[in-house]
Amino acid sequence: MNKEDKYKKLAAQVAAVVAGETDEIANMANVAAVLHEAFGFWWTGFYRVIGQELVLGPFQGPLACTRIPYGKGVCGTAWAKSETVIVGNVHEFAGHIACSDASNSEIVVPMFKNGDVFAVLDIDSKEFNTFDEIDKIYLEEIVKTL
Ligand code: SME
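Quick caveat: nothing in here was measured; it's all calculated off a predicted structure.

A. View of the sheet that holds strand β6 (residues 116–125). What the 6 strands build is an open sheet, ordered β3-β2-β1-β6-β5-β4; its pairing is antiparallel. Across the chains shown, the open sheet's two edge strands, defined by having one partner strand only, are β3 (67–69) and β4 (85–87). On average, each strand axis in the sheet is inclined to that of its neighbour by 25 degrees, with strand direction left out of account. Across 6 bridges, strand β1 (residues 43–50) lies against β6 in antiparallel orientation. Residue pairing in the sheet places Gly45 in a bridge with Asp122 of β6.

Pasting the structure below:
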């Protein structure tokens, strides 16, 4: 199955899983699990906006940094810009926060509530250039259901 078809299937699965559950953290936990399992990413998880920081939320994968300031790293940049950030080689991204040496590329998708970013979805890959417009389109769609 190609990536797009995989995402289409997942989007339907996620919609079914989150339907009827109003607890945001429970839903984030299941979405992280579903994405991580389906694609075999290195790290898949959420950071929630709490004050001027992003605080680690539900995730799958190895231990991660717990707090990221506004505007810092790929996650803080996606929050500050209010847009998805795709990094093909994290070692070339100024200010990248290396939670794990094994990560080589990354996508961070901001999530909005009443126009404000309330969380970000962060996915790390061990390969370079893993993420593209297809990931952006479908991940943005998937997080809208949360
Ligand atoms: N690399 C991220 C930090 C979070 S970890 O990858 C899980 C960043 O630069 O914001």
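B. Fine view of empty space enclosed by the protein. On inspection of all chains with the given rule, the structure shows 1 cavity of 30 Å³ or more. Taken as a whole, the largest cavity spans an internal volume of roughly 160 Å³. Lining the largest cavity are 19 residues, with Ile97, Cys99, Glu106, Asp122 and Asp124 positioned closest to its centre. Broken down by secondary-structure element, the contributors of at least two residues to the lining of the largest cavity are β1, α3 (73–81) and β6. Sort the elements by how many residues they give to the lining of the largest cavity and α3 lands first, with 3 residues. When the residues that make up the lining of the largest cavity are grouped by side-chain class, the tally is 12 nonpolar, 4 polar and 3 charged.

C. Highlighting helix α2 (residues 24–39). In a regular helix each residue adds 1.5 Å, so 16 residues correspond to 22 Å; α2 covers 22 Å between its end C-alpha atoms and thus fits that length. For α2, the set of buried residues is Asn27, Met28, Val31, Ala32, Val34, Leu35 and His36. Where α2 is buried, its residues touch α1 (3–18), β1, β2 (53–60), β5 (105–113), β6 and α4 (133–144). For α2, the side-chain oxygen to backbone nitrogen distance between the N-cap and Ile25 is 3.1 Å, and the N-cap itself is Asp23. After α2 finishes, the residue Gly40 shows a positive phi value of roughly 65 degrees.

D. Looking closely at the state of the cysteines. As enumerated under the stated definition, the model contains 1 disulfide in all. Through a disulfide, Cys65 is tied to Cys99; the S-S separation comes to 2.0 Å. Looking down the S-S bond of the Cys65 and Cys99 bridge, the torsion is -115 degrees, so its handedness is left-handed. Here the residue Cys65 occupies a position in the loop between β2 and β3, and Cys99 occupies one in the loop between β4 and β5, the gap between them amounting to 34 residues. A residue is classified by how much of its surface remains accessible, and Cys99, at 35% relative accessible area, is partly exposed. Between Cys75, a cysteine without a disulfide, and Cys99, which holds the nearest cysteine sulfur, the sulfur-to-sulfur distance is 7.6 Å. By relative accessible area, which is 3% here, Cys75 ends up buried.

E. Main features of the pattern of salt bridges. Evaluation of the coordinates by the stated rule reveals 5 salt bridges. Among the ionic pairs, Asp132 bridges to Lys3, the shortest N-O distance being 3.1 Å. Of this pair, Asp132 sits in the loop between β6 and α4 while Lys3 sits in helix α1; the two residues are 129 residues apart in sequence, bridging distant segments of the chain. Of the residues examined, Asp132 reaches a relative accessible area of 33% and is grouped as partly exposed. Residue Lys136 is joined to Glu140 by a salt bridge in which the shortest nitrogen-to-oxygen separation is 3.3 Å.

Conventions adopted
- Residues numbered from 1 in each chain as written.
- Predicted model: local features only at pLDDT ≥ 70, side-chain atom pairs only at ≥ 80, totals over all residues.
- Heavy atoms only, no water.
- Pairing = 2+ DSSP bridges.
- Helix = DSSP H or I, 4+ residues; strand = E, 2+ residues; numbered from the N terminus.
- Axes fitted to C-alpha atoms, helices over the stretch in contact; angles between N-to-C directions.
- 1 Å grid on protein atoms, 1.4 Å probe; cavity = no way out; pocket = protein on both sides within 12 Å on 5 of 7 lines; lining within 4 Å.
- Points joined across faces, edges and corners; volume = space filled by probe spheres on them.
- Nonpolar A, V, L, I, M, F, W, Y, C, P; charged D, E, K, R; others polar.
- Expected span 1.5 Å × (residues − 1).
- Buried < 20%, exposed > 50% of the residue type's maximum accessible area, 1.4 Å probe, protein only.
- Contact = heavy atoms within 4.5 Å.
- Polar contact = N/O pair within 3.5 Å; in protein donor to acceptor, adjacent residues only side chain to side chain.
- Disulfide = S-S within 2.5 Å.
- Salt bridge = Lys/Arg side-chain N within 4 Å of Asp/Glu carboxyl O.

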